[in-house]
Amino acid sequence: MPDNIPFLDLNAQHAPRRAEFDAAIAAVIDSGAFAGGPVVAEFESDFADFCDSDHALGLGSGTEALWLALLACGIGPGDEVITVPNSFMATAEAITYTGAKPVFVDVDERTYTMNPALLEKARTSRTKAVIPVHLFGQPADLDPILAFARRHDLRVIEDAAQAHGAEYKGRKAGSIGDIGCFSFYPGKNLGAFGEAGATITGNSELHEKMRVLRDHGQVRKYHHSMVGWNCRMDGIQAAVLGVKLPHLSKGNERRRQHAATYNRLFQGYEEIVVPLEADYARSVYHIYAIRVREREEIMRLLEEKGIGCGIHYPVPIHLQEAYRDLGYAPGAFPVAEQVCAELLSLPMFPELSEEEIERVAEVVKQSLPVSAL
Ligand SMILES: *Cc1c(COP(=O)(O)O)cnc(C)c1O
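Residues numbered from 1 in each chain as written. Predicted model: local features only at pLDDT ≥ 70, side-chain atom pairs only at ≥ 80, totals over all residues. Heavy atoms only, no water.

**What about the overall build of the chain?**
In terms of helices and strands, the chain carries 13 helices and 14 strands. The C-alpha atoms of the chain give a radius of gyration of 21 Å, which matches the 21 Å a tight globule of 373 residues would have. Dimensions of the chain, computed from the C-alpha atoms along their principal axes, are close to 70 × 55 × 35 Å. Burial analysis of the chain (373 residues in total) assigns 55% to the buried set. Accessible area for the chain stands at about 16,100 Å²; split by element, carbon and sulfur atoms hold 50% of it. (Helix = DSSP H or I, 4+ residues; strand = E, 2+ residues; numbered from the N terminus. Rg over C-alpha atoms; globule rule 2.2 N^0.38 Å. Buried < 20%, exposed > 50% of the residue type's maximum accessible area, 1.4 Å probe, protein only. Areas by Shrake-Rupley, 256 points an atom, 1.4 Å probe, with all protein chains shown as cover.)

**Here's the deal with the pairing of strand β5 (residues 155-159)**
Most of β5 is tucked away: 4 of the 5 residues are buried. Pairing of strand β4 (residues 127-130) with β5 involves 2 bridges; the strand directions are parallel. Directly across from Val130, in β5, lies its bridge partner Val156. In the classification by handedness, the crossover that spans β4, the intervening helix α7 (residues 142-152) and the parallel β5 is right-handed. The pairing of β5 with strand β8 (residues 179-183) spans 3 bridges and is classified as parallel. When the bridges of β8 are listed, Ile157 appears paired with Ile179. (Pairing = 2+ DSSP bridges. Right-handed = clockwise from strand over helix to strand, strands pointing away.)

**Observations regarding empty space enclosed by the protein**
Applying the stated criterion across every chain yields a total of 2 cavities of 30 Å³ or more. By volume, the largest cavity is sized at about 100 Å³. Surrounding the largest cavity, 13 residues form its lining, Leu135, Phe136, Gln138, Pro275 and Leu276 being those nearest its centre. Across the lining of the largest cavity, the residue classes tally to 8 nonpolar, 4 polar and 1 charged. Looking at the lining of the largest cavity, you find at least three residues from each of domain 1 (10-105 + 112-246) and domain 2 (249-372). The volume enclosed by the second largest cavity comes to roughly 30 Å³. Along the lines of polarity and charge, the residues of the lining of the second largest cavity split into 3 nonpolar, 4 polar and 3 charged. (1 Å grid on protein atoms, 1.4 Å probe; cavity = no way out; pocket = protein on both sides within 12 Å on 5 of 7 lines; lining within 4 Å. Points joined across faces, edges and corners; volume = space filled by probe spheres on them. Nonpolar A, V, L, I, M, F, W, Y, C, P; charged D, E, K, R; others polar. Domains from an automatic or database assignment.)

**Thoughts on the packing of helix α4 (residues 62-72) against helix α5 (residues 90-97)**
Across the interface, α4 lies against α5 with an axial gap of 9 Å and an inter-helix angle of 40 degrees. By the angle between their axes, α4 is oblique relative to α5. Crossing of α4 against α5: the hand is right-handed. Residue-level inspection shows Thr63, Leu66, Trp67 and Leu70 of α4 in contact with α5, the latter providing Ala90, Thr91, Ala94, Ile95 and Tyr97. Taken together, the residues that form the contact of α4 with α5 break down as 7 nonpolar, 2 polar and no charged. (Axes fitted to C-alpha atoms, helices over the stretch in contact; angles between N-to-C directions. Parallel < 35°, antiparallel > 145°, perpendicular 65-115°, else oblique. Left-handed = near helix turned anticlockwise from the far one by under 90°. Contact = heavy atoms within 4.5 Å.)

**What about the site of the ligand?**
Surrounding the ligand, one finds 15 residues, the nearest of these being Gly62, Thr63, Asp159, Ser183 and Lys188. Out of a free accessible area of 380 Å², the ligand has 93% covered by protein chains. Most atoms of the ligand, that is more than half of them, are within 2 Å of grid points of the largest pocket. Listed by contribution, the elements that provide at least two residues to the shell around the ligand are α4 and α5. Of the residues that constitute the shell around the ligand, the class distribution is 6 nonpolar, 7 polar and 2 charged. (Near = heavy atom within 4 Å. Sits in = over half its atoms within 2 Å of the grid points.)

**Examining the side chain of Glu80**
Position of Glu80 among the secondary structure elements: in strand β2 (residues 80-83). For the buried Glu80, no salt bridge is present, and the opposite-charge side chain at shortest range is Lys101, 4.2 Å distant. With sequence-adjacent residues up to four places away left out, Glu80 is seen in contact with Lys101, Val103, Thr124, Arg126, Thr127, Lys128 and Ala129. (Lys, Arg positive; Asp, Glu negative; His and termini not counted. Salt bridge = Lys/Arg side-chain N within 4 Å of Asp/Glu carboxyl O.)

**Quick word on helix α13 (residues 354-366)**
Compared with the 18 Å implied by 1.5 Å per residue over 13 residues, the 18 Å span of α13 between its first and last C-alpha is a close match. Check the buried side of α13 and you find it contacts α10 (248-266), β13 (288-291), α11 (295-304) and β14 (343-346). (Expected span 1.5 Å × (residues − 1).)

**Notes on the sheet that holds strand β6 (residues 167-168)**
Sheet strands associate in pairs through backbone hydrogen bonding, adopting either a parallel or an antiparallel arrangement. Pairing is antiparallel across the open sheet formed by 3 strands, whose spatial order is β7-β6-β12. On the outer flanks of this sheet lie β7 (171-172) and β12 (281-282), each paired with one strand and no other. Pairing of β6 with β7, which is carried by 2 bridges, proceeds in the antiparallel orientation. Its bridge partner being in β7, Glu167 is matched across the sheet by Lys172.

**Quick notes on the domain arrangement of the chain**
Taken domain by domain, the chain holds domain 1 (10-105 + 112-246) and domain 2 (249-372). Its C-alpha centre places domain 1 at a distance of 25 Å from the equivalent point of domain 2. Taken together, the contacts link 37 residues of domain 1 with 33 residues of domain 2. In this assembly, domain 1 packs against domain 2 so that about 2,900 Å² is buried in total across both faces, 61% of it on carbon and sulfur atoms. Three residues, Tyr112, Phe136 and Asn189, lead the burial of domain 1 against domain 2; their summed loss comes to 25% of the area buried on that side. At the boundary of domain 1 with domain 2, the tally comes to 0 salt bridges. In this structure, the connection of domain 1 to domain 2 is made through 19 residue pairs in polar contact (both at pLDDT 80 or more). No other element matches the 4 residues that strand β3 (residues 101-104) contributes to the side of domain 1 that touches domain 2. Of the residues that constitute the side of domain 1 that touches domain 2, the class distribution is 19 nonpolar, 12 polar and 6 charged. (Buried area = accessible area lost by both parts, 1.4 Å probe. Polar contact = N/O pair within 3.5 Å; in protein donor to acceptor, adjacent residues only side chain to side chain.)

And the structure:
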């Protein structure tokens, strides 16, 4: 009986660098700089460099990054923010926290990212910003989104929580709109040992606003220019991320190789739609998801063989109970809904072996109906 193949194996990534993590964490303990502080500042500088951006701000989560980005852009009650329904819930939640209303547009059938052609129809006089989501590690088609935003004086906030190091026409994801938002949730391409996130921006004014909001609205100690929140990154998380950042590009490269291997193994199987890398994009394959009709059967067989898999995401945000009040009904966003019903995420992490990928692909193919072979 061959070993199980997990959906994600963080230990495979962490074990070889255990001594480095221990030393980095020990240094934070010795320094006593647990909430914010010099280790966070050092990571911010390194992450800004990695993203080809001027400023990075270390935060407590990706959700906080989206929230502070919206607040810094002046989004509040009465405003509308356009985003997509096939994302993690946090994208819409952040909009709701500000008092603004999430407005959804459907996605492109092949890339599963925001369909820019639908933006004009979704706009009202209250629209203030657009949040494209770089889903599964592939940047949305930003140029037409930016052109739309410029036409109507809107802000563009990139949800790059799944796209550390991805590129759009040679530029780094997150560095192209007004603000880019990242999550360092443990399972992301760059993951902390707990919760963490960051914003990046080339706009000093927006950066400064987010910096003050992150720290109770303090401009200097105990002097508060506004009511903020506590969104500081932990020193220990920054230390862990500092150990991992130098290896991110290599890990992303391996993910790309794995995706190419999966694609090759699924070639000729018409029942399996493999992810399309758009010609403008360099994806970092946070998730490798195929589209299939008979998802349940494939999942059942994968589970039986000890192979991990997942669904991202089974219920689109506009049909979540939490957003019942927005009044969307099934059929509102047919592409997103169909995609949510058919996507199946297969094991994807840098340390996967070629042999493991072959085994996963073999089980997927075995589970297809005979007519497909
Ligand atoms: C993970 C994720 C978030 C939220 O990040 P957290 O760090 O978990 O708060 C937001 N948007 C997308 C697309 C994500 O994948």
